[in-house]
Amino acid sequence: MIHLDLAGEWALSDDSGSHSCAIHLPTDGISALHDAGLIPDPYWGRNEYDLRWIAERAWTATRAFDLTETEVDVVLSGVDTIATVTVNGQIVLRCENAFRSYRVSLSNVARLGRNEISVTFHSAIRVAAEKQAAHPFYLPYQDSNNPIPNGNMLRKPACDFGWDWNIALAPFGIYGVMAIEPGRAPRIVRVLVAQDHGSEGVTLAITAHVAQYAGPVTATIAGQSLSAMCTGGLAHLTAHIGDPQLWWPAGQGAQPLYDLTMTAGTDTAHRRIGLRRIGLITDKDDAGLGFKFRVNDRDVFAKGANWIPADALAGRITPAKTRDLLQSAVDANMNMIRIWGGGRYEADWFYDLCDELGLMVWQDFMFACNIYPSDDAYLANVRAEVVENVARIQHHACLALWCGDNELIGSLNWFAETRANRDRYLVNYDRLNRCIEVALKDTDPAANWWPSSPSPGPLDFGDAWHDDGSGDMHFWSVWHEGRDFDHYRDVSPRFCSEFGFQSYPSLNTINRFAAPEDQNIAAPVLESHQKNAGGNARIAETMFRYFRWPTKFANFVYLSQIQQGLAIKTAVTHWRGLKPHCMGALIWQLNDTWPVCSWASLNYGGDWKLLHHMARHFFAPLLVTAVPMNDRIMLRVVNDAPMPCDVKISAFAVAMDGALRLLGQVRTDAGLNAKDALSVPLADLRANEMLHFSWTTPDGRTGSDTFAPKPYKSFDLLPPVLTHRVQGHQISITAQNLALFVTVEASAPGRFDDNAFTLLPGQKRLVTFTPTDPDMSPVFTLRDLHSATYD
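Enquirer: Which residues make up the overall build of the protein chain, and what values go with them?
Expert: Helix and strand content of the protein chain: 16 helices and 45 strands. Computed over C-alpha atoms, the radius of gyration of the protein chain comes to 28 Å, within 12% of the 28 Å expected from 2.2 N^0.38 for 791 residues, which places it in the range of a compact globule. Along the three orthogonal principal directions, the C-alpha set of the protein chain runs to about 85 × 65 × 60 Å. Counting all 791 residues of the protein chain, 61% fall into the buried class. In the protein chain, the share of contacts with a sequence separation of at least 24, taken over all contacts with a separation of at least 6, comes to 68%. When the accessible surface of the protein chain is split by element, carbon and sulfur atoms take 50% of a total near 29,200 Å².

Below you can see the structure in the form of structure tokens.
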């Protein structure tokens, strides 16, 4: 039986005949044109605007293949998006959903010997406009995010049409499976796994959906051999594991995975199963409706970030690059990522990585910020999309939640059309949301479901951007409304699934898109890599509020990352301090799709911004945080580790020369809930002193922090007189006076093990740099708050 991989070199040409080149599928067409030298780097300068013509044309990819039999199927997945597939000149498939896979028989068109297959990618811009024009009533899209219009009419990643952090190129291509397979051979289509955890172990109910086969289906797992007959396309097998090794989120325990192998005739399927029970707990209380995740009967505070596609051009995404991004999340003490609804359902290997790393996944369905159709044909397409992806992902231990969409409830109030006829658009939305929910529950009845994000709860269409008592919250008042960082302390969310503050990417990243003469925040190139209207001005205005003005562009970039980190630190430490009232904080966002000014904690390419270094500390399992309370500062201890611990806390006044004055000490226990530990009157701090505090545990864990009770610009900082010594890739740093936010930068890509830290006189900090290229010998630069804003 023939198995033919169609991946490899195809011939690509546009509908005008003016452009042609090789395309090495799977990839996207824009990357292929760039690789062939036909277009410049889309990410450099302002090239984006000169390349949007690509999406206005139709493009055809063609290749030949040989057959020794004709009872075969063509199998495609990740076809982006509106495409017509022909074999030997005959149309065999019309694709219209980038989130689905397709299998069609070629028995009526295939021939022995040489065959030709072509995939024509129709212009997403033209097709979307046609669908909008044909719809009975107008379906608004968020034009501030989408400079390319009508993306809401297609089942394609919404951010392909632009976003307030993304390039707008509406790419095309194929990113998944491309194969010729036997047409009548047995095939395991789906494997669904349900877990029943009891006092005597875990029972697995395994259901195999098998096509073109009636006979025994066998499986092995945990040393057991299972067998069942396949009838009516289904085989039901049961395994009991009496002494299970449970899977835990990162920071809560290990991530053991059991190999499940299934065989039906000549076909074999493999899955890795983590034994765990994850529940979404939404109990009513005096405040409203709670929202938390319970894993193996343990309530877990979700610490993490929102995930967007790893690259704006899917052809540039690789498992290795993606693993690096996810590993960075874990290294910063995160335990959850939210796969945002304006991107894509990720590949199987992505969820395998999350299983291995202990990253719980909040999975949005792919709808974001726009109004979508709800006619019968569209809903049938959506239902097929939901069923396929739920069945594909369902078995993964990392999967914690399915969420109906991102911000579609809020979008009902964003557009003139929806405000003028809310009933029509609300019913339209409910049809779509109900279709998604039913398809999910039909496929996986045990799945955790949440209707939308943010949402106060099922069938509650309230304002979850400002009301904080129920469900999950998106809190954007600090960034979009220009509020002070302290405004984060004015809300008490049950679970905040989006909040963020922007910074500029690091200098190494800026050098990837801007020449030295363009490295100015008002330069057109820098403005073209800022996709949020007013974003540059908001960053600058915030600096005026908290800091003295930076002296050079490089210091401006550094200070933008410091203030980003301080904003998010204020939010996270406050909300962690509300535990168990608040049980989750997911930063917007973890990663970038291209080099851009954004809310990400990681630069495009994976290097850590200063926010990510700060997150490693404020997401640490044991945290002591400063809580301003009118005339005093409360030191509050938070412990997310599985076991309670004792902690010793010491509070000091720190002067500008770094001299410490003891204000108080306490020993206390850190249990499941946040706890007030030590109160420091503000009157105990002199005019030019900050609060410095440290903590230790009997098992040797330590930590410290410095809290400024007024804006940093109010303090007369002294030159810290930093000295450093470099040995290989290790930098040893000392200071003569108080040094705030000490940061080491490298002239080459790579990762530091710490940055943005406070250094006191008499302390020595050893910082290690791991270059991306081990053969590089980078030049190191030190920055601190004084040198950036006082020199």
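Enquirer: Quick rundown of the packing of helix H13 (residues 535-546) against helix H14 (residues 553-576)? Include the residues and the values.
Expert: Packing of H13 against H14 leaves a shortest axis separation of 10 Å and a crossing angle of 80°. One way to sum up the angle between H13 and H14 is to call them roughly perpendicular. Residues Ile 539, Thr 542 and Met 543 of H13 form the contact with H14, whose own contacting residues are Phe 556, Leu 559, Ser 560 and Gln 563. Here the residues of the contact of H13 with H14 sort into 4 nonpolar, 3 polar and no charged.

Enquirer: Quick one: what's the story with the pairing of strand S22 (residues 292-295), residue by residue and with numbers?
Expert: Here strand S21 (residues 278-281) runs beside S22; their pairing, made up of 4 bridges, is antiparallel. Across the sheet, residue Leu 280 finds its bridge partner in S22, namely Phe 293. In this sheet, strand S23 (residues 298-300) lies alongside S22 in antiparallel orientation, the contact comprising 3 bridges. Its bridge partner being in S23, Arg 294 is matched across the sheet by Asp 299. Connecting S22 to the antiparallel partner S23 that follows it, the hairpin turn spans 2 residues, and Asn 296 within it adopts a positive phi of roughly 50°.

Enquirer: Could you give me a rundown of the sheet that holds strand S6 (residues 72-77), with the residues and numbers involved?
Expert: Adjacent strands of a sheet pair through backbone hydrogen bonds, lying either parallel or antiparallel. The antiparallel open sheet is built from 4 strands, whose spatial order is S1-S13-S6-S10. Whereas interior strands pair on both sides, the edge strands pair on one side only; in this sheet they are strand S1 (4-5) and strand S10 (101-105). One ladder, built from 2 bridges, connects S1 with strand S13 (residues 178-182); its direction is antiparallel. In the strand pairing of S13, Leu 4 is matched with Ile 180.

Enquirer: Could you give an account of the sheet that holds strand S36 (residues 675-681), naming the residues involved and the relevant values?
Expert: The 3 strands are arranged S32-S33-S36 in an open sheet whose pairing can be described as antiparallel. Edge positions in the sheet fall to strand S32 (622-629) and S36, since each of these pairs with one other strand and no more. Going from strand to strand, the sheet's axes swing by 25° on average, the running direction of each strand aside. Bridge analysis of S32 against strand S33 (residues 632-639) gives 8 bridges, and the strand direction is antiparallel. Pairing of Leu 622 across the sheet is with Asn 639, part of S33.

Enquirer: Now, about the packing of helix H4 (residues 319-331) against helix H5 (residues 348-357): what can you tell me, with residues and values included?
Expert: At a closest axis distance of 10 Å, the pairing of H4 and H5 adopts a crossing angle of 30°. Classified by the interaxial angle, the pair formed by H4 and H5 is roughly parallel. Once H4 is placed against H5, the crossing between them reads as right-handed. Listed contacts from H5 to Pro 319, Thr 322, Arg 323, Leu 326, Gln 327 and Val 330 of H4 are Trp 349, Phe 350, Leu 353, Cys 354, Glu 356 and Leu 357. A per-class count over the contact of H4 with H5 returns 8 nonpolar, 2 polar and 2 charged.

Enquirer: I'd like a rundown of helix H9 (residues 422-443), residues and numbers included.
Expert: One turn of an α-helix holds 3.6 residues; hence residues three or four places apart share an orientation. Taking 1.5 Å of rise per residue, 22 residues should cover 32 Å, and H9 covers 32 Å from first to last C-alpha, within 8% of that figure. Of all the residues in H9, the buried ones are Tyr 425, Asn 428, Tyr 429, Leu 432, Asn 433, Cys 435, Ile 436, Glu 437, Ala 439, Leu 440 and Thr 443. Contacts from the buried residues of H9 go to strand S14 (187-198), helix H6 (376-393), strand S27 (399-403), helix H7 (408-411), helix H8 (416-420) and strand S28 (449-450).

Enquirer: Please give an account of the side chain of His 197 that cites residues and values.
Expert: In this fold, His 197 is placed in strand S14. Using a relative accessible area of 14% as the deciding quantity, one classes His 197 as buried. Here Gln 195 takes part through its side chain, which lies 2.9 Å from a polar atom of the side chain of His 197. Excluding residues that lie within four positions of it along the chain, His 197 makes contacts with Val 202, Leu 246, Leu 275, Arg 276, Arg 277 and Asn 296.

Enquirer: Please set out the pattern of salt bridges residue by residue, giving values where relevant.
Expert: Within the structure shown, the criterion is met by 41 salt bridges. A salt bridge links Asp 297 to Arg 277, with the shortest nitrogen-to-oxygen separation between them at 2.9 Å. Of this pair, Asp 297 sits in the loop between S22 and S23 while Arg 277 sits in the loop between strand S20 (267-273) and S21, and the two are 20 residues apart along the sequence. Accessibility expressed as a relative area gives 58% for Asp 297, which makes it exposed. Residue Arg 277 is classed as partly exposed on the basis of its relative accessible area of 35%. Salt-bridge contacts for Asp 486 lead to Arg 489; the nearest nitrogen and oxygen are separated by 2.4 Å. Its relative accessible area of 19% is what places Arg 489 among the buried residues.

Enquirer: Let's hear about unusual backbone geometry: which residues, and what values?
Expert: The linkage connecting Leu 25 with the following residue, Pro 26, adopts the cis geometry, with an omega of 5°. Relative to the helices and strands, Pro 26 resides in the loop between strand S3 (20-25) and strand S4 (27-28). Phi at Asp 297 is positive, roughly 70°, even though this residue is not glycine. Backbone geometry places Cys 369, a non-glycine residue, at a positive phi of 65°. Here Cys 369 is to be found in the loop between strand S26 (360-364) and H6.

Enquirer: Give me the lowdown on the packing of aromatic side chains, citing residues and values where you can.
Expert: The tally for this structure, following the rule as stated, stands at 46 aromatic pairs. Both rings, one in Phe 99 and one in Tyr 345, keep their centres 5.4 Å apart while their planes meet at 90°; by these two values the pair is edge-to-face. With Phe 99 in the loop between strand S9 (90-95) and S10 and Tyr 345 in the loop between strand S25 (336-339) and H5, this residue pair connects regions lying 246 residues apart in the sequence. For the pair Phe 99 and Tyr 345, one class covers both residues: buried. It is Arg 316 that lies over the ring of Tyr 43; its NZ or CZ is 4.7 Å from the centre.

Thresholds applied
- Residues numbered from 1 in each chain as written.
- Predicted model: local features only at pLDDT ≥ 70, side-chain atom pairs only at ≥ 80, totals over all residues.
- Heavy atoms only, no water.
- Helix = DSSP H or I, 4+ residues; strand = E, 2+ residues; numbered from the N terminus.
- Rg over C-alpha atoms; globule rule 2.2 N^0.38 Å.
- Buried < 20%, exposed > 50% of the residue type's maximum accessible area, 1.4 Å probe, protein only.
- Contact = heavy atoms within 4.5 Å.
- Areas by Shrake-Rupley, 256 points an atom, 1.4 Å probe, with all protein chains shown as cover.
- Axes fitted to C-alpha atoms, helices over the stretch in contact; angles between N-to-C directions.
- Parallel < 35°, antiparallel > 145°, perpendicular 65-115°, else oblique.
- Nonpolar A, V, L, I, M, F, W, Y, C, P; charged D, E, K, R; others polar.
- Pairing = 2+ DSSP bridges.
- Left-handed = near helix turned anticlockwise from the far one by under 90°.
- Expected span 1.5 Å × (residues − 1).
- Polar contact = N/O pair within 3.5 Å; in protein donor to acceptor, adjacent residues only side chain to side chain.
- Salt bridge = Lys/Arg side-chain N within 4 Å of Asp/Glu carboxyl O.
- Phe/Tyr/Trp six-rings, centres within 6.5 Å; stacked < 30°, edge-to-face > 60°.
- Lys NZ or Arg CZ within 6 Å of the ring centre and 35° of its normal.

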